[in-house]
Amino acid sequence: MKKIKINGGKPLKGEIIVSGAKNSAVALIPAAILADSPVILEGVPDIQDVHSLMDILEVMGVRTEFKNHRLEIDPTDMVSIPMPTGKINSLRASYYFMGALLGKYGSGVVGLPGGCYLGPRPIDLHIKGFEALGATVTTEHGATYLRSSEKGLKGTRIFMDMVSVGATINVMLAAVKAQGRTTIENAAKEPEIIDVATLLNNMGAKIRGAGTDEIRIEGVQTLHGCRHAIIPDRIEAGTYLALAAAVGGGIKVRNVIYEHLESFISKLDEMGVEMKIKEDSIEVTHADNLKPVSIKTYPYPGFATDLQQPITPLLLQVKGESIIEDTVYQKRVNHIPELNRMGANAKIEGNMIILNQTETLKGAEVEASDLRAGACLVIAGLLAEGETTISNVEYILRGYDHIVEKLQKIGADIEMVQVENEMRIEEAK
Ligand code: EPZ
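Topic: the domain arrangement of the protein chain
Under the domain assignment, the protein chain is made up of domain 1 (2–19 + 232–428) and domain 2 (22–229). The interface is formed by 22 residues belonging to domain 1 together with 20 residues belonging to domain 2. Regarding the contact of domain 1 and domain 2, the summed buried area is about 1800 Å², with carbon and sulfur atoms giving 56% of it. The largest per-residue losses of area from domain 1 upon contact with domain 2 belong to Tyr300, Tyr329 and Arg398, which jointly make up 35% of the total buried on that side. For the pair domain 1 and domain 2, the interface holds two salt bridges. A salt bridge links Asp49 to Arg398, with the shortest nitrogen-to-oxygen separation between them at 2.8 Å. Between the two partners, domain 1 and domain 2, sit six residue pairs in polar contact (both at pLDDT 80 or more). Of all elements in the fold, only helix H11 (371–383) and helix H12 (393–399) reach the threshold of two or more residues within the side of domain 1 that touches domain 2.

Focus: the site of the ligand
In the neighbourhood of the ligand, 25 residues make up the surrounding shell, with Arg92, Asp124, Leu125, Ser164 and Asp306 lying closest. Gly166 is positioned with one of its backbone polar atoms (N or O) 2.8 Å from an oxygen atom of the ligand. Between Val328 and the ligand, the recorded distance is 2.9 Å, taken from a backbone N or O atom to an oxygen atom. In isolation the ligand offers 820 Å² of accessible surface; the protein chains occlude 91% of this area. Among the secondary structure elements, those contributing two or more residues to the shell around the ligand are helix H1 (22–31), helix H4 (124–132), helix H5 (165–175) and H11. A per-class count over the shell around the ligand returns 13 nonpolar, five polar and seven charged. Built from parts of two domains, the shell around the ligand gets at least three residues from each of domain 1 (2–19 + 232–428) and domain 2 (22–229).

Quick notes on the side chain of His335
Considering the arrangement of structural elements, one finds His335 in helix H10 (residues 335–341). A residue is classified by how much of its surface remains accessible, and His335, at 0% relative accessible area, is buried. Sequence-distant contacts of His335, defined by excluding residues within four places in its chain, comprise Gln308, Gln309, Thr312, Ile353, Ser369, Ala373 and Cys376.

What counts as what
- Residues numbered from 1 in each chain as written.
- Predicted model: local features only at pLDDT ≥ 70, side-chain atom pairs only at ≥ 80, totals over all residues.
- Heavy atoms only, no water.
- Domains from an automatic or database assignment.
- Contact = heavy atoms within 4.5 Å.
- Buried area = accessible area lost by both parts, 1.4 Å probe.
- Salt bridge = Lys/Arg side-chain N within 4 Å of Asp/Glu carboxyl O.
- Polar contact = N/O pair within 3.5 Å; in protein donor to acceptor, adjacent residues only side chain to side chain.
- Helix = DSSP H or I, 4+ residues; strand = E, 2+ residues; numbered from the N terminus.
- Near = heavy atom within 4 Å.
- Areas by Shrake-Rupley, 256 points an atom, 1.4 Å probe, with all protein chains shown as cover.
- Nonpolar A, V, L, I, M, F, W, Y, C, P; charged D, E, K, R; others polar.
- Buried < 20%, exposed > 50% of the residue type's maximum accessible area, 1.4 Å probe, protein only.

Below, the structure written as structure tokens:
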């Protein structure tokens, strides 16, 4: 089993380069199978989720080649294989194969999604969208069976009861080759949705309005291969900016699109963090005597739920009481008990997280419960006195490309260690 081991308190300084967006990549890769010739994705993050999706594609006879962040996907000889179990439930984003297979073949068998536990994560809106397009969807023995009518999928107007990133993208994937026009109303507006629509339009689709709350899709007959550069990962960027502010400045984060982080940056600004914002980089120059803040997460362009955990260690440095309310995932609090083990002055009251200044965090053995909780614990470990070991690192490696190497480059005393079993760690002391 792997663990991340950190000796905290080291001065951190220098540049961190952000990789391509995980939440784009995990949608773009299934979307690529809609083409009848090779798709080349540039700037793909080298993370476990990408490798898991490549394994799934290989099962369906889709050739893939991944080198230097360039992923070639050749669906020319693809066959639709039922995927009720196995790799398909190693990540939540495997549900994008539902929309992609429905869009390409008019049918598909896909295991129910896995992924981080953030409370109930139903896919009812995805299924409602597929059924509105004329598909029948049944779920049994942990797999979803999707089938369109003989005449194929028919464009329609779909109103999303809730703003959902996954459902918006999945319905887009199913609708691009449906007959006629599909309108998705109350659509999610995340940059990753624009990224997927850009890829599909480069493949010959006709999608307008991505990034607004109304997306219009004119169905087309065929989609061809193309080349597409993935947008930078705004959540990875925000995670490193939170670290930069927590250590008082001196870190530049590169490959950032400022517009994708406006709500996050305005919160740092409100706290008194000083930043130099350039074309594609943000440098935190100073961050002392910061003010406490209240944060409420919302769908984009609001404060991203994925950044409420990574900003927590910074808020623990600040004199006064900060409050976080996650309106998207009320149960996204599993990092708090782990931070308490490090001496953090943090508590959960209803669906609020209350944070007060913690003079010093102490290194401890902690567990990552999900991807962004893991990132939060890495930042806390870098700030803490003494040694922190983080287990369940596979969560972190799912979404942060070479996080250990990137942090070593700015002076962190951090390493990935192979642990045979708990006893071994004790013996080593
Ligand atoms: C995407 O998840 C991201 N994952 C999540 O990032 C992110 O936290 C989330 O969007 C919100 O921004 C990927 O893109 C792979 P939703 P998704 O559908 O699409 C409810 C990370 O850390 N809902 O926008 O699954 C749902 O329970 C991950 O990178 C339904 O009720 O999120 C949630 O409360 C974690 N029914 C809310 O909507 C549905 O059919 C928003 O979920 C779908 C969603």
